[in-house]
Amino acid sequence: SGVGLGEGLKAGSSWRCDTCLVQNRVTDNECIACQATKSPPRDSAKQMGVGTASQSGKPAPPAAGTGFGDKFKPAAGAWDCDTCLVQNKPEAVKCIACETPKPGTGVKR
Ligand SMILES: [Zn+2]
Ligand SMILES: [Zn+2]
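We now turn to the structure provided with this report. From a predicted model like this one, the values you see are computed outputs, not experimental measurements.

1. Brief notes about the overall build of the protein chain
Thinking step 1. Scanning the protein chain for helices and strands turns up 0 helices and 4 strands.
Thinking step 2. When the helices and strands of the protein chain are placed in sequence order, the string is β-β-β-β.
Thinking step 3. Counting all 109 residues of the protein chain, 17% fall into the buried class.
Thinking step 4. Residue pairs at least 24 apart in sequence account for 7% of intrachain contacts in the protein chain once pairs closer than 6 positions are excluded.
Thinking step 5. Accessible area for the protein chain stands at about 9,100 Å²; split by element, carbon and sulfur atoms hold 56% of it.

Dropping the structure here:
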């Protein structure tokens, strides 16, 4: 059910022409537009094929940004030496230039 105007109206108030879909008064025995004969009232709504909305395909996942551009930015975990400001690799536990221990590693001077 749930179709448009007219279908939901009480039988007897109006009827809709099946041919041209014009809404006619109950007193009209034929369509005022196309003169089609009045269709018998239908108690049950016509089974419409609607309701099964086709699911649209999922959008393709965005390409991961990993890989491209990695060489242009410091690797994750890279750290700058506080003493000489040299950038060191994440795995370096001390500065490659001045041998200052990497902060936060617990390595004592
Ligand atoms: Zn009609
Ligand atoms: Zn250093």
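2. Some thoughts on the coordination of the zinc ion (ligand 1)
Thinking step 1. For the zinc ion (ligand 1), every protein donor is listed as Cys17 (SG), Cys20 (SG), Cys31 (SG) and Cys34 (SG), and the spread of their distances is 2.1 to 2.3 Å.
Thinking step 2. Between the donor residues of the zinc ion (ligand 1), the gaps in sequence give the motif C-x2-C-x10-C-x2-C.
Thinking step 3. According to the relative accessible area criterion, cysteine 17 is buried, its value standing at 1%.
Thinking step 4. Exposure remark for cysteine 20: the relative accessible area of 30% places this residue in the partly exposed category.

3. Focus on the coordination of the zinc ion (ligand 2)
Thinking step 1. On the protein side, the zinc ion (ligand 2) has Cys81 (SG), Cys84 (SG), Cys95 (SG) and Cys98 (SG) as donor atoms, found 2.1 to 2.3 Å from it.
Thinking step 2. Taken together, the 4 donor atoms coordinating the zinc ion (ligand 2) and their angles of 99 to 120° define a geometry best described as tetrahedral.
Thinking step 3. Of note, the zinc ion (ligand 2) draws all its donor residues from one chain, in the sequence arrangement C-x2-C-x10-C-x2-C. Of this pair, cysteine 81 sits in the loop between β3 (79-80) and β4 (87-88) while cysteine 95 sits in the segment after β4, and the two are 14 residues apart along the sequence.

4. A word on the pattern of salt bridges
Thinking step 1. In this structure the tally under the stated criterion is 2 salt bridges.
Thinking step 2. Ionic pairing is found between aspartate 28 and arginine 25, a salt bridge with its closest N-O pair at 3.6 Å.
Thinking step 3. Between glutamate 99 and lysine 94 there is a salt bridge whose closest N-O contact spans 4.0 Å.

5. Quick look at the environment of alanine 76
Thinking step 1. For alanine 76, the location among the structural elements is in the loop between β2 (23-25) and β3.
Thinking step 2. Since its relative accessible area comes to 76%, alanine 76 is described here as exposed.
Thinking step 3. For the pair alanine 76 and lysine 89, spaced 13 residues apart in sequence, the C-alpha to C-alpha distance is 8.9 Å.

6. Things to note about the side chain of aspartate 28
Thinking step 1. Along the polypeptide, aspartate 28 turns up in the loop between β2 and β3.
Thinking step 2. Sequence-distant contacts of aspartate 28, defined by excluding residues within four places in its chain, comprise Trp15 and Lys38.

7. Let's talk about the environment of valine 86
Thinking step 1. As for its position among the elements, valine 86 is in the loop between β3 and β4.
Thinking step 2. Given the relative accessible area of 26%, valine 86 is considered partly exposed.
Thinking step 3. Separated by 12 residues in the primary sequence, valine 86 and cysteine 98 have C-alpha atoms spaced 8.7 Å apart.
Thinking step 4. In this view, valine 86 contacts Trp79, Asp80, Cys81, Cys95, Ile96 and Ala97; residues no more than four positions away in its chain are not counted.

Rules of the game
Residues numbered from 1 in each chain as written. Chains lettered and ligands numbered in written order. Predicted model: local features only at pLDDT ≥ 70, side-chain atom pairs only at ≥ 80, totals over all residues. Heavy atoms only, no water. Helix = DSSP H or I, 4+ residues; strand = E, 2+ residues; numbered from the N terminus. Buried < 20%, exposed > 50% of the residue type's maximum accessible area, 1.4 Å probe, protein only. Contact = heavy atoms within 4.5 Å. Areas by Shrake-Rupley, 256 points an atom, 1.4 Å probe, with all protein chains shown as cover. Donors = N, O, S within 2.8 Å, 3.2 Å for Na, K, Ca; no water. Tetrahedral: all angles 85-135°; square planar, octahedral: opposite > 155°, others 65-115°. Salt bridge = Lys/Arg side-chain N within 4 Å of Asp/Glu carboxyl O.

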